Amino acid sequence: MDSCILIPPELAVGPSHVGDQTNFLEMSISVWSAQTLRPGTVFLPDQGRVVLDRLEVYTYLKKDDVRHEFGNYDDIQVVDDRRVRHCNWVRFLRSAEKQDDVSLVGYREKDRVYFKVLKRVPPNTELLAAFQRDVQEQDSAAATAESRRLFMEFTAPLFAALQQRLGEHGSTNGPDLPVKRR
């Protein structure tokens, strides 16, 4: 299928080392470095130039694919009775299976998606990504979990002492506990 791919000039698309195990009729395409990439280099999903290529990739990504959250654009249109894919480079970016293989990380900051190169990447190297979901949400969830842990740590002994005291007196209104009066 003819494909119009928006891609930064430092990157290229080409056959992947790892085939798509779900569809044997399609090529497995990935993003590659076209030149040496230095740590700290940042790419945007909507950055680059349009490259025309013929790729035997006919399907869309699954709806739950993480790349949808990180700027993936992928549309197939009919132009002059031929199907033409219009997409960006994120469509072909593969996730790393091991942390050691990660060459760039996708993250969101103030409603923008960025991909940052983590280590020196030589030319003609397949890029493998890690996708870091909302850091603020993760920080908030971690803070909530830590607050809950601290609350339980400090209140558990108080509740245990209260239960013991109630047990000694055999009633909820023991001599040291206030009695509600009308």
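Above: the structure in question.
In this convention, every chain numbers its residues from 1, walking through the sequence in written order. In keeping with the predicted nature of the model, local features appear solely for residues at pLDDT of at least 70, side-chain atom pairs appear and are counted solely at 80 or more, and the whole-chain, interface and lining totals rest on all residues. Each side-chain value is worked out from all heavy atoms of the structure, with water and hydrogens disregarded.

A. Geometry of the overall build of the chain. Strands are runs of DSSP state E lasting at least two residues, helices are runs of H or I lasting at least four, and both sets are numbered from the N terminus onward. Counting secondary structure elements, the chain contains one helix and eleven strands. Along the chain, helices and strands appear, N-terminal first, in the series β-β-β-β-β-β-β-β-β-β-β-α. Among the 182 residues that make up the chain, the fraction classed as buried is 32%. Any two residues having at least one pair of non-hydrogen atoms within 4.5 Å are treated as being in contact. Once local pairs closer than 6 in sequence are excluded, the contacts in the chain between residues at least 24 apart make up 67%. Burial classes: relative accessible area under 20% of the type maximum marks a residue as buried, over 50% as exposed, and values in between as partly exposed (1.4 Å probe, protein chains only).

B. Examining the state of the cysteines more closely. When the sulfur atoms of two cysteines come within 2.5 Å, that pair is taken as a disulfide. For the coordinates displayed, the defined rule picks out zero disulfides. In this structure C87 is not part of a disulfide, and its nearest cysteine sulfur, from C4, lies 8.3 Å away. Classification of C87 as buried rests on a relative accessible area of 4%.

C. Region of the structure containing the environment of I7. Tracing the sequence through the fold places I7 in strand β1 (residues 2–7). If near-sequence neighbours (up to four positions away) are discounted, I7 is found in contact with A12, V13, Q47, G48, R49, V51 and W89.

D. Quick look at the pattern of salt bridges. Within this document, salt bridges are pairs made up of a side-chain nitrogen of Lys or Arg and a carboxyl oxygen of Asp or Glu, the two lying within 4 Å of each other. Counting across every chain of the model gives eight salt bridges. Salt-bridge contacts for E69 lead to R133; the nearest nitrogen and oxygen are separated by 2.9 Å. With E69 in the loop between β5 (49–54) and β6 (74–79) and R133 in the loop between β11 (128–132) and α1 (135–169), this residue pair connects regions lying 64 residues apart in the sequence. Since its relative accessible area comes to 41%, R133 is described here as partly exposed. Two residues, D74 and R85, come together in a salt bridge whose shortest N-O distance is 2.6 Å. Placement of D74 in strand β6 and of R85 in strand β7 (residues 82–88) is noted, with a sequence separation of eleven residues between them. Just as D74 is buried, R85 falls in that class too. Several salt bridges converge on common partners, so that one network encompasses D2, R54 and R82.

E. Up close: the packing of aromatic side chains. The aromatic pairing rule takes the rings of Phe, Tyr and Trp, using the six-membered ring of Trp, and pairs them if the centres are within 6.5 Å, calling planes under 30 degrees apart stacked, those over 60 edge-to-face and the rest tilted. What the rule picks out here adds up to five aromatic pairs. Look at F43 and W89: their rings are 6.3 Å apart centre to centre, the planes differ by 70 degrees, and that puts the pair in the edge-to-face class. Taken as a pair, F43 in strand β4 (residues 42–43) and W89 in the loop between β7 and β8 (94–95) lie far apart in primary sequence, 46 residues in all. Look at W89 and you get buried, because its relative accessible area is 0%. Here the aromatic rings of F115 and F131 are separated by 6.2 Å at their centres, their planes lie at 90 degrees, and the arrangement is edge-to-face.

F. Layout of the sheet that holds β8. Strands are labelled as partners when DSSP assigns at least two bridges between them. The five strands lie next to each other as β4-β10-β9-β11-β8, forming an open sheet whose pairing is mixed. Edge strands, defined here as strands with exactly one partner in the open sheet, are β4 and β8. As paired elements, β4 and strand β10 (residues 112–117) share two bridges and run antiparallel to each other. Bridge pairing links V42 to K116 in β10.

G. Representation of the nonpolar core. Residue types Ala, Val, Leu, Ile, Met, Phe, Trp, Tyr and Cys, when buried and joined through side-chain atoms within 4.5 Å, form a set referred to as a nonpolar core. Formed by 25 residues in total, the largest nonpolar core has its most connected members in L11, W89, F92, L93, F115 and L127. If one sorts the elements of this core by residue count, β10 sits on top with three residues. If we ignore the near neighbours within four places in the chain, the residues touching W89 are I5, L6, I7, P8, L11, V31, F43, L44, P45, Q47, L104 and F115.

H. Focus on unusual backbone geometry. Phi is positive for D80, which is not a glycine, with a value near 50 degrees. Inspection of the secondary structure puts D80 in the loop between β6 and β7. Residue D80 is classed as exposed on the basis of its relative accessible area of 71%. Although it is not a glycine, N124 sits at a positive phi angle of roughly 60 degrees.

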